[in-house]
Amino acid sequence: MHFQWYPGHMTKAKRMMQENIKLIDVVIELVDARIPLSSKNPDIDELAQNKSRVILLNKNDLAHKERTEEWKAYFEAKGYFVAMVNSKNGNGVKAVQNIVMEACKEKIERNKKRGIINRPIRAMIVGIPNVGKSTFINSFAGKACAKTGNKPGVTKGKQWIKLNKNVELLDTPGILWPKFEDQTVGLRLALIGSIKDEILNISDLAIELIKFLQEEYPQVLADRYQVGEIEEPLAVLEHIADVRSCRKTGNELDLDKASNILLDDFRSGKLGKITLEKAE
Ligand code: G4P
């Protein structure tokens, strides 16, 4: 499978981030807890040099709990402050405030020594499209300050959301594009739905998911689609099409429709809490 994705937007988004990052003390980076590495853009390390760093493992509700704990430890070992959050229902969001303060402790101390008291910490949210930045900002700020949606740049102008006397948040998130040099990164982003399905062969994607599930979560396919002893991935997909009555006119199995069912079930968490990549 080969992926190519919006290379034109990349430079513009990066430039916007370079401008904004000068103004801030701490970068709050959202990643998808199901694919913490593939949803993390490596450029941010260069852009955020000398800034305090917080990583939020978002969509925690959809990810495998133990794996998320392992990822938390992985990033902490690299010097990040880490929190697990579900921006959609607000779980874990409140705790982010303390983590941000903790991440900025040295900066606050330094300011104090220089006689700068009461200067709020300035934070910026960054992440790849669809990772949940707008949802998080809404939840964190406690009111509808940022519009949610898939379009980059829904909010206009540079505005600071005053969270409290200690922290201000730039209301425009920094949008980073994922890196596509590695095809497995593209595949994982496609599986969680961060790449538009129209540009992909949906049944190839479903076959990849079936192979992964057989390897890592063997019970899932049996429980949800009663695949029994079927092993060959294409045969599994045909079975799903059959049990879900996915048929074209002429009674032929509709594998695209079955693929969409399988992928939707995975993306919405109906297959259970599943993480696609392991912390080394
Ligand atoms: P972005 O600004 O980074 O592009 O992402 P945005 O907040 O628009 O969120 C993208 C999608 O991810 C939204 O779903 C949003 O509801 C969902 N989302 C964000 N955080 C979480 C989370 O912690 N858990 C889960 N399960 N979902 C999350 P959508 O389908 O595009 O919109 P909607 O139908 O939920 O409104």
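Our subject is the structure that appears above.
Only a predicted model underlies this, so the values are computations on that prediction, with no experimental measurement involved.

### Points about the overall build of the chain
Regarding its fold elements, the chain presents 11 helices and 7 strands. Against the globule reference of 19 Å for 280 residues, the chain gives a C-alpha radius of gyration of 21 Å, in line with a compact fold. Along the longest, intermediate and shortest principal axes, the C-alpha atoms of the chain span 75 × 35 × 35 Å. A burial count over the chain gives 48% of its 280 residues as buried. Across the chain, contacts joining residues at least 24 apart in sequence account for 68% of those joining residues at least 6 apart. When the accessible surface of the chain is split by element, carbon and sulfur atoms take 48% of a total near 14,500 Å². Within the chain, one finds 44 positive and 38 negative side-chain charges whose respective centroids are separated by 12 Å.

### Remarks on the site of the ligand
Asp 61, Asn 130, Lys 133, Ser 134 and Thr 135 are the nearest of the 16 residues found near the ligand. Within the backbone of Val 131, an N or O atom sits 3.3 Å from an oxygen atom of the ligand. Ser 134 is positioned such that a nitrogen or oxygen atom in its side chain is 2.8 Å from an oxygen atom of the ligand. Considering the ligand on its own, with 710 Å² of exposed area, one finds that the protein chains cover 71% of that surface. Considering every element that reaches the shell around the ligand, the biggest residue donor is helix H6 (residues 133–141), with 3 residues. Here the residues of the shell around the ligand sort into 4 nonpolar, 8 polar and 4 charged.

### Digging into the nonpolar core
Grouped together as the largest cluster of nonpolar side chains are 60 residues, with contacts concentrated most on Leu 56, Leu 213, Leu 262 and Ile 274. When residues in this core are grouped by element, the largest group, 8 residues, is from helix H8 (residues 202–216). For this core, the domains that each give at least three residues are domain 1 (8–171) and domain 2 (201–268). Excluding its chain neighbours within four sequence positions, the residues that come into contact with Ile 274 are Arg 34, Leu 62, Ala 63, His 64, Phe 212, Leu 213, Tyr 217, Val 220 and Phe 266.

### Let's talk about the packing of aromatic side chains
A ring pair, where both rings are aromatic, is described by two values, the distance of the centres and the angle of the planes. If you walk through the whole model with that rule in mind, you get 6 aromatic pairs. A centroid spacing of 5.7 Å and a plane angle of 90 degrees characterise the contact between Phe 75 and Tyr 80, whose relative ring orientation is edge-to-face. No difference in accessibility class separates Phe 75 from Tyr 80, as the two residues are buried. A connected cluster of aromatic rings, assembled from ring pairs, spans Trp 71, Tyr 74, Phe 75 and Tyr 80.

### Describing the environment of Ser 139
Its place among the elements puts Ser 139 in helix H6. By relative accessible area, which is 25% here, Ser 139 ends up partly exposed. For the pair formed by Ser 139 and Ser 194, sequence separation is 55 residues and the distance between their alpha carbons is 21 Å. With near-sequence residues (within four places) excluded, Ser 139 lies in contact with Ser 87, Gly 90 and Val 93.

### Notes on the pattern of salt bridges
A full pass over the atoms with the stated rule returns 18 salt bridges. Among the salt bridges present, the one from Lys 72 reaches Glu 76, with a minimum N-O distance of 2.9 Å. With Lys 72 and Glu 76 both in helix H3 (residues 65–77), this residue pair falls 4 residues apart, about one helical turn. Under the relative-accessibility criterion, Lys 72 is labelled partly exposed at 21%. When its relative accessible area of 37% is taken as the criterion, Glu 76 is described as partly exposed. As a salt-bridge pair, Asp 265 and Arg 224 come within 3.0 Å of each other at their nearest N and O atoms. Highlighted residues: Asp 265 in helix H11 (residues 255–267) and Arg 224 in helix H9 (residues 218–225), separated in sequence by 41 residues.

The rules behind these values
Residues numbered from 1 in each chain as written. Predicted model: local features only at pLDDT ≥ 70, side-chain atom pairs only at ≥ 80, totals over all residues. Heavy atoms only, no water. Helix = DSSP H or I, 4+ residues; strand = E, 2+ residues; numbered from the N terminus. Rg over C-alpha atoms; globule rule 2.2 N^0.38 Å. Buried < 20%, exposed > 50% of the residue type's maximum accessible area, 1.4 Å probe, protein only. Contact = heavy atoms within 4.5 Å. Areas by Shrake-Rupley, 256 points an atom, 1.4 Å probe, with all protein chains shown as cover. Lys, Arg positive; Asp, Glu negative; His and termini not counted. Charge placed at Lys NZ, Arg CZ, Asp CG, Glu CD. Near = heavy atom within 4 Å. Polar contact = N/O pair within 3.5 Å; in protein donor to acceptor, adjacent residues only side chain to side chain. Nonpolar A, V, L, I, M, F, W, Y, C, P; charged D, E, K, R; others polar. Core = buried A, V, L, I, M, F, W, Y, C linked by side-chain atoms within 4.5 Å. Domains from an automatic or database assignment. Phe/Tyr/Trp six-rings, centres within 6.5 Å; stacked < 30°, edge-to-face > 60°. Salt bridge = Lys/Arg side-chain N within 4 Å of Asp/Glu carboxyl O.

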